[in-house]
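Results of the structural survey
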Amino acid sequence: MSYNPWLVVLSVALAALDAYVAFSVVGRIARSRGPVAVLWTSFGALAMGSGVWAMHFIGMLALRVPIPLGYDGQGTALSSLPVMLATGATLWLLARRATHAGAVAAGVILGLGMSSMHYLGVRALHMQPPVAWQAPWIAASLGLGLAGSTASIWLHSVIWRSDRRHRWWLRLLAAVLLGGTAAGVHYLGMAGMRFVPGAVSLQAGVGLHGLGLGLAVSLVSGLLLLLTLGVSLAHRQLQRHTEAIARELGQARDALSWLAYHDELTALPNRANVLDLLDRLLPLAKEEQFEVAVMFVDLDGFKSINDTLGHDVGDEFLRSVADALRASVRSRDTVARFGGDEFVVVLERFRSEANLASICRKILSLVSRPVAVSGHSVSATPSIGVAVFPRDGGDAASLLRHADLAMYTAKEQGKAGYCFYQPRMSELARDRLLLSAELREALQHEEVIVHYQPKVDLASRRVVGLEALARWPHPARGLLPPKVFVPLAESSGLIGQLGQVVLRQVARQLAQWRARGLPLVPVAINVSLQEIQDGHFVAGLLGTLREFGLHHSLIEFEITESAAMKNAEHTLRQLRQLEALGFRMAIDDFGTGFSSLSHLRQLPTQSIKIDQSFVQGASRNPADRDITEAIIALARKLRLSTIAEGIETHAQAEWLQEAGCEIGQGYLFVRPLPPEAVPAHLLRSAAQPAASDAANG
């Protein structure tokens, strides 16, 4: 008895490939569930079982004996069932029971399956008389099947459980060991066969036989194995791609989740984060009876940093503010940014209100410090409002709202300070809200009226101009002065509409006075920074003057010193545009702001108005007198005229005239007049020089 060496080599190679493919399917089964796992197990069992069976069939065809052989087709096909069932059970145990005990059980099942297949396959020869078996060889074949299968499967399970699963050569070693075991079971079993002299195969000539049949079986089995391996590799690549997409989606989800609860610029928690924190913290505080403080921090002057130095500098400055706020509180406290220049600090388990006040002062000190950003030294002062749980609110929304109200109160008290919430602040806020709605309605119906205060030449006492002063005749509160409703108009976005109402009333009144032949003088209108920076301001102004047929020289504008210094470059461009159109301008409330003389020198203004606080304080405070005289001297050097406000006594008028001030306003001359009282005053003023000349003649 001998063998065809090429078929022997082919059978061993097929067995090794079969084992490698089977091991590659284990991972697919392990990562699948339900019907998909059953499908992969069935697919793997079919591929591996048919491969081992083909190896056995080719090995039988490789046998060379002096008698013709043939194989019963039904018996040969039946011999494949044990190895396919054993292979399926083995793959399932490897995927679902990756333990030492599971590996041993799988090895025993596979060894018995391969041995059963071999001996059922030999029976398909239908030898007469039957084959004589030698027990030692049969025992060796069975022992090799059990030991080799168990060893190879145990090696694979060790690789699978460890971090060495991607070392292909270890998997290849396990596959070669299993393939060698399958071949060894067959050829040891064949070595134990003895054909009785004169024995014949009843299937010779009628059953399966021939080298061509062996090659066809090996080709079909090999293609099936390669198909299984290809599907497994394609599935692995698809799974890796799916896992990569899942990782990217997970990272994107994490990033979106982070952005949903954090401020991208400063990396601080955001509004949603703080609301979530308070929703969790306040019930705990109520249960354990400790207080929680919410501080609302707003930066005064930040907008000018953005407008003058650009958003990049503004962003860097906000990051420095975030660092200063974090340095002002404990690590367990929360610092958040709500957007723009608004920050919120949440503190828990603090000692006392005095402790909170100390923290507020620390925030004011650290945040107010100048910061070097992109070669610029920038700073902004914070205003802080504080609300405390449970005293000032029982939920997150009310605490934040009350802290915000306290912050606005701090601004109204002079900025760069802090304020604790008081219940009256809510009443004032409701009152402001109601008044704001009433102001909006009053402006829509042009119920705001204009009074006029004359400006007089201090030398001749002749009227040289008028200042338009808005008044609001409120149906319940009486005649309200500008200091009551102008700040409200600015905060509620109505200042532009208020300015338009005042301008139209002044233009209409001038047109009426001109029609009566009255001697007209320029009327000065106060203009806010918001109006100056409005891109439609100049177009609306010119349209109104054209409507009433007025020359530009009849309208002057007064802008406060502090407003002129905010966003100085942009404001300067707007004021120069007005100057180019023929309008005169004055700086109002001079001396109360913090002007840069270099900027002041560039402003296209013709007059400086000295604030009334200096004029009225001069008799009591020498410093006010010195400041006033210094302003007059400065204006003379800059070739600007000076207008003094708030003159109430003859002594004040004489002192200002001696100091060089040209024009004055105040109760000494006349109080603000309603429109119907102005004509008589203008006529008296126009007649005054003539009467004076006649008396002198």
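Small disclaimer: the values here were computed from a predicted structure and weren't measured. (Residues numbered from 1 in each chain as written. Predicted model: local features only at pLDDT ≥ 70, side-chain atom pairs only at ≥ 80, totals over all residues. Heavy atoms only, no water.)

**Here's the deal with the overall build of the protein chain**
Looking only at helices and strands, the protein chain has 25 helices and 22 strands in total. Counting across all 697 residues of the protein chain, residues that qualify as buried make up 49%. For the protein chain, the accessible area works out to roughly 33000 Å², and carbon and sulfur atoms hold 59% of it. (Helix = DSSP H or I, 4+ residues; strand = E, 2+ residues; numbered from the N terminus. Buried < 20%, exposed > 50% of the residue type's maximum accessible area, 1.4 Å probe, protein only. Areas by Shrake-Rupley, 256 points an atom, 1.4 Å probe, with all protein chains shown as cover.)

**What to know about the pattern of salt bridges**
Oppositely charged side chains are able to pair whenever their charged atoms sit close together. On inspection of all chains with the given rule, the structure shows 20 salt bridges. The partner of Glu316 in a salt bridge is Arg319, and the shortest N-O contact between them spans 2.9 Å. Taken as a pair, Glu316 and Arg319 lie in helix 11 (residues 311–328) at a separation of 3 residues, close to a single helical turn. On the basis of relative accessibility, which here comes to 37%, the residue Glu316 falls in the partly exposed class. Salt-bridge contacts for Arg349 lead to Glu348; the nearest nitrogen and oxygen are separated by 3.6 Å. Through salt bridges with shared partners, a single ionic network connects Lys455, Glu467, Glu556, Glu558, Arg584, Lys609 and Glu645. (Salt bridge = Lys/Arg side-chain N within 4 Å of Asp/Glu carboxyl O.)

**Focus: the sheet that holds strand 13 (residues 418–420)**
The strands that make up a sheet are held in pairs by hydrogen bonds between backbone atoms, and each pair lies either parallel or antiparallel. If you trace the 5 strands from one edge of the open sheet to the other, you get 8-9-7-12-13, paired in mixed fashion. Two strands in the sheet have a free side with no partner beyond their single neighbour: strand 8 (334–339) and strand 13. Sheet twist, expressed as the mean angle between neighbouring strand axes with direction ignored, is 20°. Pairing of strand 7 (residues 292–300) with strand 9 (residues 342–348), which is carried by 7 bridges, proceeds in the antiparallel orientation. Residue pairing across strands places Val292 opposite Glu348, the latter belonging to strand 9. (Pairing = 2+ DSSP bridges. Axes fitted to C-alpha atoms, helices over the stretch in contact; angles between N-to-C directions.)

**Looking at a nonpolar patch on the surface**
On the surface, a nonpolar cluster with roughly 280 Å² of combined accessible area is contributed by Val104, Val108, Leu112 and Leu142. Per-element tally for the nonpolar patch: the top contributor is helix 5 (residues 100–123), with 3 residues. Position of Val108 relative to the elements: it lies in helix 5. Given the relative accessible area of 34%, Val108 is considered partly exposed. (Patch = residues over 30% accessible without salt bridge, like charges linked within 9 Å, V, L, I, M, F, W, Y side chains within 5 Å.)

**Digging into the nonpolar core**
Among the nonpolar cores identified, the biggest contains 74 residues, and Tyr452, Val506, Phe557, Leu578 and Leu656 are the most heavily contacted of them. The biggest single contributor to this core is helix 16 (residues 495–515), with 10 residues. (Core = buried A, V, L, I, M, F, W, Y, C linked by side-chain atoms within 4.5 Å.)

**Side note on helix 16**
Helical geometry: 3.6 residues make up each α-helical turn, so side chains three or four residues apart lie on a common side. The end-to-end C-alpha separation of helix 16 is 30 Å, in line with the 30 Å expected for 21 residues at 1.5 Å each. Phi turns positive, to about 80°, at Gly517, one or two residues after helix 16. (Expected span 1.5 Å × (residues − 1).)

**Describing the confidence of the model for the protein chain**
Parts of the prediction with low pLDDT should not have their coordinates interpreted in detail. For the protein chain, mean pLDDT is 81; residues scoring 70 or higher make up 79% of the total. Segment residues 690–697: pLDDT under 50, and 0 contacts once partners within four positions in sequence are set aside and those in other chains are kept. (pLDDT = per-residue confidence, 0-100. Contact = heavy atoms within 4.5 Å.)

**A word on the packing of helix 9 (residues 271–288) against helix 13 (residues 396–412)**
Where helix 9 contacts helix 13, the two axes come as close as 9 Å, and the packing angle between them is 115°. Each of Leu275, Leu278, Asp279 and Leu282 in helix 9 lies in contact with helix 13, whose residues at this interface are Ala396, Leu399 and Leu400.

**Details of the packing of aromatic side chains**
Enumeration according to the criterion identifies 7 aromatic pairs in this entry. An angle of 20° between the planes, with centres 6.3 Å apart, marks the rings of Phe302 and Phe317 as stacked. You can see Phe302 sitting in helix 10 (residues 302–309) and its partner Phe317 sitting in helix 11, a full 15 residues away along the chain. The class of Phe317 is buried, set by a relative accessible area of 0%. One aromatic cluster in this structure is built from Phe537, Phe557 and Phe583. The ring centre of Phe290 lies 3.9 Å from the NZ or CZ of Arg349, which sits over that ring. Above the ring of Tyr667, the side-chain terminus of Arg671 is found at 3.9 Å from the ring centroid. (Phe/Tyr/Trp six-rings, centres within 6.5 Å; stacked < 30°, edge-to-face > 60°. Lys NZ or Arg CZ within 6 Å of the ring centre and 35° of its normal.)

**Comments concerning the environment of Gln574**
Considering the arrangement of structural elements, one finds Gln574 in helix 20 (residues 568–580). In this structure, the C-alpha to C-alpha distance between Gln574 and Val538, residues 36 residues apart in sequence, is 8.8 Å. Excluding anything up to four places from it in sequence, Gln574 contacts Ile532 and Asp534.

**Considering the environment of Arg326**
Within the fold, Arg326 resides in helix 11. The exposure class assigned to Arg326 is partly exposed, which follows from its relative accessible area of 37%. Residues Arg326 and Ala336, spaced 10 residues apart in sequence, show a C-alpha to C-alpha distance of 9.4 Å. Those residues within four positions of Arg326 in sequence are excluded, and the remaining contacts are Thr266, Leu268 and Val335.

**Describing unusual backbone geometry**
Here the residue pair Phe389 and Pro390 is connected by a cis peptide bond, since its omega of 5° sits within 30 degrees of zero. Summarising the element assignment, Pro390 is placed in the loop between strand 12 (381–389) and helix 13. Positive phi, normally seen in glycine, also occurs at Arg349, with a value near 55°. One non-glycine residue, Glu446, adopts positive backbone phi at about 50°. Looking at where Glu446 falls in the secondary structure, it is placed in the loop between helix 14 (423–444) and strand 14 (449–457).

**Examining the packing of helix 23 (residues 622–637) against helix 24 (residues 650–659)**
Two numbers describe how helix 23 lies on helix 24: the axes approach to 10 Å, and their chain directions differ by 40°. Taken together, the axis directions place helix 23 and helix 24 in an arrangement best described as oblique. Two packed elements cross with a definite hand, and for helix 23 against helix 24 that hand is right-handed. Two secondary-structure elements touch here, helix 23 through Arg625, Thr628, Glu629, Ile632 and Arg636 and helix 24 through Trp655, Leu656 and Ala659. The residue makeup of the contact of helix 23 with helix 24, split by class, is 4 nonpolar, 1 polar and 3 charged. (Parallel < 35°, antiparallel > 145°, perpendicular 65-115°, else oblique. Left-handed = near helix turned anticlockwise from the far one by under 90°. Nonpolar A, V, L, I, M, F, W, Y, C, P; charged D, E, K, R; others polar.)

**As for the environment of Leu188**
Along the polypeptide, Leu188 turns up in helix 7 (residues 168–191). With a relative accessible area of 22%, Leu188 lands in the partly exposed category. Sequence-wise, Leu188 and Ile138 are 50 residues apart; in three dimensions their C-alpha atoms are separated by 7.1 Å.

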